[in-house]
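Spelled out, the chains give:
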Amino acid sequence: MIVPNRARRPARRHLCRPRAAALALALLAAGATGCTREFFREWADQDVTEAVFEKSRDPRWRMDTFTKEPPQLARFAQPYDPDRPPAPPDDYPTESLSPTPQWPIHRLLVPVEGTGYLDMIRSWQRQPMSAPGIPATVPVAEPRASEPVPTGPLPAAGGAGAEGPATGPPPPVEPPPPPTEGRTPFPAASRSNSGPKAAAMSPILVAIPGPPPAGGRAATAAAPSRNDPRTRDPGVRQVGFQATDNPRPGAAAAGAQPGPAPVGPAPPEAGVSPGQGEGQREPIRGRAAVGGDQPTPGAGDASQRNLLLPTEPMPGISPLERAQVKEETGSLIDLLVPASEPFDDASAAGLPRGTRPYVINPEQAMTLALINSRPYQYQLEQVYLASLNVTLQRFNFEPQFYAGMGPLTGPAGVGIPQPNPTNQYVYRTNSAPGGGVSNLQLGTVAGVGKLFSNGVRLLTGFANQTVFNFNGSNGTQPSVQSTIPIAIVLPLLRGGGRAVTLEGLTQAERSLLYQIRAFARFRQEFVANVIAQAQAITNPGTGDPVVGYLNVMQQLQQIENDRLNIKAFEQLLIFYREQVAGNVGIGQQQVDQLQIQLETFRLSLITDLISYRNLVDSYKIQLGLPPDLPVVFDRSLLDPFRGVFVNVDRWSRRPDRQLNELPGIVDGLPDLQDVQIDGYPLLKVVINNLGGKDFEGRDVAIEDTTLLNSAYLAAERIGLESRLDLMSARAQLYDAWRQYAVLANALKGFLNFTITNQVYTPPTTTNPFGFFSQAKQFSGVMNAELPLIRVSERNNYIANQINYERQRRNLMLSEDQIKFQVRQDIRNLLQQAQSYDNFKKRYVLTIRAKDQTVEQLVAPAQVAAAGASNNAATQTINLTNFQATILNLQNTLIQTWVFYLTQRITLFRDLGIMPLDEWEAFHELIPPKFGTAGAAPVGAPGPRPAAGGAPGAAAARPPGRRAA
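Residues numbered from 1 in each chain as written. Predicted model: local features only at pLDDT ≥ 70, side-chain atom pairs only at ≥ 80, totals over all residues. Heavy atoms only, no water.

**Remarks on the overall build of the protein**
Broken down by element type, the protein carries 24 helices and 12 strands. A total of 964 residues make up the protein; the buried ones form 47% of that total. Of all intrachain contacts in the protein linking residues separated by at least 6 positions in sequence, the fraction that spans at least 24 positions is 78%. Here the protein has roughly 45,200 Å² of accessible surface; of this, 58% comes from carbon and sulfur atoms. (Helix = DSSP H or I, 4+ residues; strand = E, 2+ residues; numbered from the N terminus. Buried < 20%, exposed > 50% of the residue type's maximum accessible area, 1.4 Å probe, protein only. Contact = heavy atoms within 4.5 Å. Areas by Shrake-Rupley, 256 points an atom, 1.4 Å probe, with all protein chains shown as cover.)

**Concerning unusual backbone geometry**
Look at Asp678: it is not a glycine, yet its phi comes out positive at around 55 degrees. Structurally, the position occupied by Asp678 is in the loop between strand E9 (676–677) and strand E10 (680–681). In this structure Asp678 comes out as buried when scored by relative accessible area, which is 4%.

**Description of the side chain of Gln554**
The topology assignment puts Gln554 in helix H14 (residues 549–582). Discounting residues that sit within four places of it in the chain, Gln554 has contacts with Leu638, Ile894, Gln895 and Val898.

**Here we look at the pairing of strand E6 (residues 457–469)**
Where strand E5 (residues 437–451) and E6 come together, 13 bridges link them in antiparallel fashion. Across the sheet, Leu442 pairs through a bridge with Thr466, a residue of E6. (Pairing = 2+ DSSP bridges.)

**Description of the nonpolar core**
Among the nonpolar cores identified, the biggest contains 140 residues, and Tyr576, Tyr619, Phe633, Phe641, Ile677, Leu682 and Tyr843 are the most heavily contacted of them. The greatest single-element share of this core, amounting to 16 residues, is contributed by helix H23 (residues 872–911). Formed by 8 residues, the second largest nonpolar core is a distinct cluster that contains Leu726, Ala729, Ala736 and Ile818. (Core = buried A, V, L, I, M, F, W, Y, C linked by side-chain atoms within 4.5 Å.)

**Some words on the packing of aromatic side chains**
The geometry of an aromatic ring pair is captured by the separation of the ring centres together with the interplanar angle, meaning the angle of the planes. The full count for this structure, using the stated rule, is 21 aromatic pairs. A centroid spacing of 6.1 Å and a plane angle of 35 degrees characterise the contact between Phe40 and Trp43, whose relative ring orientation is tilted. With Phe40 and Trp43 both in helix H2 (residues 37–55) and 3 residues apart, the pair spans about one turn of that helix. A relative accessible area of 40% means that Trp43 is categorised as partly exposed. On the numbers, 5.6 Å between centres and 80 degrees between planes, the contact of Tyr376 with Phe519 is edge-to-face. (Phe/Tyr/Trp six-rings, centres within 6.5 Å; stacked < 30°, edge-to-face > 60°.)

**Quick word on the confidence of the model for the protein**
Interpretation of the predicted coordinates at a detailed level should be avoided for regions scoring low in pLDDT. Chain-level pLDDT for the protein is 73 on average; 66% of the residues reach the 70-or-more range. The model gives residues 689–696 a pLDDT under 50, and that stretch makes 21 contacts with residues more than four places away or in other chains. Scored below 50 in pLDDT, residues 862–869 makes 17 contacts in the model with residues more than four places away or belonging to other chains. (pLDDT = per-residue confidence, 0-100.)

**Here we look at the pattern of salt bridges**
In this structure the tally under the stated criterion is 38 salt bridges. Close ionic contact of Glu793 with Arg494 constitutes a salt bridge, the shortest N to O distance being 3.2 Å. Residue Glu793 is located in helix H21 (residues 791–858), and its partner Arg494 is located in the loop between strand E7 (479–491) and helix H12 (498–501); the two are separated by 299 residues in the primary sequence. For Glu793, a relative accessible area of 16% corresponds to the buried category. Ionic pairing is found between Asp910 and Arg521, a salt bridge with its closest N-O pair at 4.0 Å. (Salt bridge = Lys/Arg side-chain N within 4 Å of Asp/Glu carboxyl O.)

**Some details on the pairing of strand E11 (residues 750–760)**
One ladder, built from 9 bridges, connects E7 with E11; its direction is antiparallel. Its bridge partner lying in E11, Pro491 is registered against Asn752. As paired elements, E11 and strand E12 (residues 776–785) share 10 bridges and run antiparallel to each other. Looking at the pairing, Phe753 lines up with Met782 of E12.

**Considering a nonpolar patch on the surface**
A surface patch of nonpolar side chains, amounting to about 350 Å² of accessible area, comprises Leu492, Leu493, Phe753 and Met782. Positionally, Leu492 belongs in the loop between E7 and H12. (Patch = residues over 30% accessible without salt bridge, like charges linked within 9 Å, V, L, I, M, F, W, Y side chains within 5 Å.)

**A few points about the packing of helix H15 (residues 588–623) against H23**
Each pair of packed helices gets described by two things: the angle between the helix axes and the distance between those axes. Axis separation between H15 and H23 bottoms out at 10 Å; the angle between their running directions is 15 degrees. Comparing their axes, H23 and H15 come out roughly parallel. The two elements H15 and H23 meet at a crossing, and its hand is right-handed. When H15 is examined against H23, the residues Gln590, Gln593, Leu594, Gln597 and Phe601 are found in contact with a partner set consisting of Ala872, Ala873, Thr876, Ile877, Thr880, Asn881, Ala884 and Leu887. For the contact of H15 with H23, the per-class residue count stands at 7 nonpolar, 6 polar and no charged. (Axes fitted to C-alpha atoms, helices over the stretch in contact; angles between N-to-C directions. Parallel < 35°, antiparallel > 145°, perpendicular 65-115°, else oblique. Left-handed = near helix turned anticlockwise from the far one by under 90°. Nonpolar A, V, L, I, M, F, W, Y, C, P; charged D, E, K, R; others polar.)

**Description of helix H13 (residues 503–531)**
Along an α-helix, residues three or four positions apart point the same way, because every turn accommodates 3.6 residues. The terminal C-alpha atoms of H13 lie 42 Å apart, and with 29 residues this matches the ideal 42 Å at 1.5 Å per residue to within 8%. Taking burial as the measure, the 29 residues of H13 include 23 buried ones, the bulk of the element. (Expected span 1.5 Å × (residues − 1).)

**Observations concerning the side chain of Asn891**
Here Asn891 lies in helix H23. Of note is the side chain of Asn891, whose polar atom sits 2.8 Å from the side chain of Asn561. In contact with Asn891, not counting residues within four places along its chain, are Gln558, Asn561 and Asp562. (Polar contact = N/O pair within 3.5 Å; in protein donor to acceptor, adjacent residues only side chain to side chain.)

**Some words on the environment of Phe569**
Among the secondary structure elements, Phe569 is positioned in helix H14. Classification of Phe569 as buried rests on a relative accessible area of 0%. Once the C-alpha coordinates of Phe569 and Ala884 are considered, the two residues, 315 residues apart in sequence, prove to be 9.5 Å apart. Other than its neighbours up to four places away in sequence, Phe569 contacts Leu594, Gln597, Leu598, Phe601, Thr880 and Gln883.

Right, dumping it as structure tokens:
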């Protein structure tokens, strides 16, 4: 009876041991797998968010919200679980010719692409707005004093006739959604599509409070003082090697010229609310580049009248004869000034006939860019990645708990805990060396480690070793040994001290601040690049192009001008061919000359069309839109130019036209917004800097170099204190200096003391927690090493010396570059302002010359009586040249205006004073007379920025804002 029992006992052990082992393995596997992917992702998001907001409290680079997740309306939004997204489609040849270690449960047949932005665009199209690129009305130039402009119906820019009400194509219907072949659309969350509307805004005043220039307007009383430490970066004087010692405005040196004249409130103009206050811009309305603040030509200034408005355009001709000539030129003027025809923006963009595309205005383009821009998302992710290193370095100095069965990873900076019992099963036969063995060793460890800021490492915990000897007399009775180790490591030379221990954390924290500043700088550049091509970045990490809304508008308007010019030459060619048959002094040579000019302009139109279509597709990519999306862009920004061009054509058709009316009409072109730097209005400082003689032989005032240089120095000072990248450059020089101590520590030898105290359980007990106070083991270990093998460390130390000197020179270069940038920006700004004024005068003179040429060509008898040339060939060349010059000047005027706006934005960007909030910067930089669909009418008070925010309430912001 005993034998069967003894025989059954091993069988029970055989059955129970696998069950216990399986249970132990299951628990071990469950613990080893850890938490879910979602847990670690949310844990990282929480730590990163705390680090980012800690570093972004400064209002100069603040971030009100932060997340790396793209908006739900974005084209690249992720509709699936971010931790377990379905597998994208693979390339079949690549998959077939390589191993396939993973078999996804879910795989997409086509790439996924969000379509929420399309729903938002469609909702915009349902809002009331004019036809694509054609305004409901074209603004009429305001008549000047003593220069009445005839009233009457004004032809619309897209109208079919010369006179009559403004008409255009019917309102756009909602276009069909773009083809989604090869893409899987998904519904996006519904969001508000309302946004802040454009309002009449004053120009940005780059005002640093202080004593105003001599005779200048005092700064706002509520503004803080420049010496206020709250508004001053102390690094400018402490680390700024070339900080400008700029005298305060108004503190003129001996012999210095007086400051600019007092700047009073600008008179209210059309389209600007009179309640906007004294800070309004003073427009340049027909201001000549001679003398001081010159009045508008035709408004009573005799010198300007003599300059641009000769009283006798045809000397020797009586007024009655001139009137007769003007009557006889009526038919030819109708040929040379053809009526405007409807301009199809969709056709210009190369869309199929009959397409009704989406129409996007600047505000909507800005919204799309904030939602879909790949560079914007890339920069957000860069901030996130920089924050991850901070979370790791901070974790290294926190108490770190560990537990496991022979763990392989110990507390960071401390190492693997000792003792670390092993977990193994050993079986050896009796014939093997050492005899037969069959035992199971189970070791468990738990404890905590801590790294201190001075390099001291502390480790304590609990270790247990349980051994089952199955070859023994009682195999189920284990032997248990537990230990409580306490270990302290003190590095005294190499590896010790706060400078070395805290270097990783210090650099990670500072690098995160650099990245947040870089993101704030990117946000300023981002707004500038969406509006204009004020390119200072290359969209790192994406390769997206930088085009700008204004450049697209300029190229589109140039196409319309080309078509009107071609139509004028076509009709003029018909007229000349008829004159050849009538034998009136015009021969085939003149006809061929016109034909050559016509073919040249047709080729130019083809070139401009291709350039425009490429530009539109590039701008779509910049906004994050697919290039095949049927989109055109609203041209309301250029309505003032189109209105002036239409008014000039109206004037040319009138038989009772007077040359002195032209400056008043051309004065309807958009004004240039001034920039004030420390109280210096730039356009007033150098508006009269041409020098030399005018047309009447009078001296023209040369620029006031004293005031201009004061403006330069003020701009340099602002840039040195406001540029975020310069702040980071100064801090990076300090980073290089810190490496002296870090790398010098590596030149030392080792002198480490390790103190260990362990408490054991008695070997006779099976209680793992039965510690005996007398069972202790104390040890002290010293490691010492002479600094003999230090060639690599020596080289690193010398390399750091060179790197520090390079960093010093780089900081000097950064400061010099900022000074050069702001000086160059001011020069370019003033150049564009003077060029704009010059082109307006040339435009008036060319129209006048063309008008006189037409009169001489049609009325040779009267002109011959006055002694003028009546050669038909000469007049033909003059006429074609003047017509071509008018086209070039129209394009150049728009181009110069765009260049001025771009340079103005560039100046704000290089000074570092552009508003950080994207929408606040947008409404400050966009021309204030622009109105979007549903916005308040021009001239009505619009939403003003709240304290520290963009115009309008937060709920009124367009969707897609990732960082305020």
